[in-house]
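# Structural description and commentary
Listed here are the chains, written in short residue letters.
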Amino acid sequence: FTAPEARVILVQPYDMGAMAGVERAIRDSDLGVNPANDGKVLRCVFPELTEERRKEYIKVARGKAEDGRVSVRNIRRTAKQGLEKLEKDGEVGKDDVTGAEKRLDGLTKKHVDAIDDMLKSKESELLEV
């Protein structure tokens, strides 16, 4: 992949036998791009972003951010269950579990806040004309 211009990407497959498959995959994707094949490289010219397309990308970014938040919370739940099991088995004391849960909550908040910050940054970048 090379990007000679802001809205152009050149794709040169390592295996030239896969050129038709790569071209078909790009054409069938929802990128809105029709690749031009010159035999050696595929030239993909991306259209200008319209206001509607920008809003679609923001929705996608919000969905990905929510998926990230859910993943962080799932990891937190798994870790908390592990801590509770350790306490139940008598391997660690209640105070240790309480302290570990506080640190776990702090880490969860830190990562969720980082996801939110990245989302805000991406939204402002997409809305910038």
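Worth saying up front: this structure is predicted, and the values here are computed from it rather than measured. (Residues numbered from 1 in each chain as written. Predicted model: local features only at pLDDT ≥ 70, side-chain atom pairs only at ≥ 80, totals over all residues. Heavy atoms only, no water.)

Throughout the structure, instances matching the rule amount to eleven salt bridges. Among the ionic pairs, R69 bridges to D116, the shortest N-O distance being 2.8 Å. Residue R69 is located in helix 2 (residues 51-88), and its partner D116 is located in helix 3 (residues 94-127); the two are separated by 47 residues in the primary sequence. Here R69 falls in the buried class, since its relative accessible area comes to 13%. Note on D116: relative accessible area 25%, which makes it partly exposed. Salt bridges here are not isolated pairs; linked through shared partners, they connect E66, R69, R73 and D116. (Salt bridge = Lys/Arg side-chain N within 4 Å of Asp/Glu carboxyl O. Helix = DSSP H or I, 4+ residues; strand = E, 2+ residues; numbered from the N terminus. Buried < 20%, exposed > 50% of the residue type's maximum accessible area, 1.4 Å probe, protein only.)

Here four strands make up an open sheet; going across it, the order is 1-2-4-3 and the pairing antiparallel. Both edges of this open sheet fall to strand 1 (2-5) and strand 3 (36-37), since each of them pairs with a single strand only. In this sheet, strand 2 (residues 8-11) lies alongside strand 1 in antiparallel orientation, the contact comprising two bridges. Along strand 2, the bridge assignment pairs T2 with L10. The strands that helix 1 (residues 19-28) touches are strand 2, strand 3 and strand 4 (42-45); relative to strand 4, the one it contacts most, it runs at about 10°. (Pairing = 2+ DSSP bridges. Contact = heavy atoms within 4.5 Å. Axes fitted to C-alpha atoms, helices over the stretch in contact; angles between N-to-C directions.)

By secondary structure assignment, the location of L31 is in the loop between helix 1 and strand 3. Overall, L31 belongs to the partly exposed group, its relative accessible area being 37%. For the pair L31 and P47, spaced 16 residues apart in sequence, the C-alpha separation works out to 9.4 Å. Ignoring sequence-local partners within four residues, the contact set of L31 consists of F46 and R53.

Keep in mind these values describe shape, not function.
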